[in-house]
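One letter stands for each residue in the lines below.
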Amino acid sequence: MAQPPRRGGPYPRLRVPFDVKAAQGLAVLELVVAGASIRTAATQTGLSPTTAWRRVHWLRDWLLPGLYGVTARRLPPQRGTALCPRGRPYIEELDGPGGPLYRGGI
């Protein structure tokens, strides 16, 4: 029996464009800040709860260096994926040597 084609992964044609990802994250974040749950925000934006959770955290991680006055050099990996399986992703500008959140190798 043939398996269906894989979705996601490193194939650029299957990746969500940056502007769409940012718009979805911003829409979910606005609803969550207004008091909605992730599940409610996901329903209102037409996303699954998992995707809504990932989008809002990706947007927050992307904006985090700006809160510390540091310019981000790259986009953070999306939480809940193989590149960032748990917790906040490592952001070199913040967590690396000389960064405002550097803990000296702890």
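Quick look at the structure, then. (Residues numbered from 1 in each chain as written. Predicted model: local features only at pLDDT ≥ 70, side-chain atom pairs only at ≥ 80, totals over all residues. Heavy atoms only, no water.)

Okay, the pattern of salt bridges next. Pairing between side chains of opposite charge can happen when their charged atoms approach one another. Considering all chains together, one arrives at five salt bridges under this definition. Two residues, E92 and R74, come together in a salt bridge whose shortest N-O distance is 3.8 Å. Of this pair, E92 sits in helix α4 (residues 92-95) while R74 sits in the loop between α3 (49-67) and α4, and the two are 18 residues apart along the sequence. On the basis of relative accessibility, which here comes to 39%, the residue E92 falls in the partly exposed class. Note that D95 and R88 form a salt bridge whose closest N and O atoms lie 2.7 Å from each other. One salt-bridge network, in which partners are shared between bridges, spans R73, R74, E92 and E93. (Salt bridge = Lys/Arg side-chain N within 4 Å of Asp/Glu carboxyl O. Helix = DSSP H or I, 4+ residues; strand = E, 2+ residues; numbered from the N terminus. Buried < 20%, exposed > 50% of the residue type's maximum accessible area, 1.4 Å probe, protein only.)

Turning to the side chain of K21, a few remarks are in order. Structurally, K21 is set in helix α1 (residues 18-33). Sequence-distant contacts of K21, that is, excluding residues within four places in its chain, are made with V16, R55, W58 and Q78. (Contact = heavy atoms within 4.5 Å.)

This part takes up the side chain of E93. With respect to the element layout, E93 can be found in helix α4. A distance of 3.1 Å separates the side chain of E93 from the backbone nitrogen of R73, its partner in a polar contact. Residues within four places of E93 in sequence aside, it is in contact with V70, T71, A72, R73, R74, G99 and P100. (Polar contact = N/O pair within 3.5 Å; in protein donor to acceptor, adjacent residues only side chain to side chain.)

Looking now at the packing of aromatic side chains. Taken as a whole and judged by the stated rule, the model has three aromatic pairs. For the pair F18 and W58, a centre-to-centre distance of 5.9 Å together with 75 degrees between the ring planes defines the contact as edge-to-face. In this pair, F18 is assigned in helix α1 and W58 in helix α3, connecting sequence segments 40 residues apart. Its relative accessible area of 1% is what places W58 among the buried residues. Centre to centre, the rings of F18 and W62 are 5.2 Å apart; their planes meet at 85 degrees, and the pair counts as edge-to-face. (Phe/Tyr/Trp six-rings, centres within 6.5 Å; stacked < 30°, edge-to-face > 60°.)

The next thing to look at is α1. Taking 1.5 Å of rise per residue, the 16 residues of α1 would be expected to cover 22 Å, and the 22 Å separating its terminal C-alpha atoms lies within 8% of that figure. Of all the residues in α1, the buried ones are K21, A22, G25, V28 and L29. When α1 is viewed along its axis, its buried side chains cluster within an angular range of 135 degrees and face the same direction. Counted as exposed and oriented over 90 degrees from the buried face of α1: D19 and E30. Elements that come into contact with the buried residues of α1 comprise α2 (38-45) and α3. Within two residues after α1, G35 carries a phi angle of roughly 115 degrees, on the positive side. (Expected span 1.5 Å × (residues − 1). Arc of directions from axis to C-beta.)

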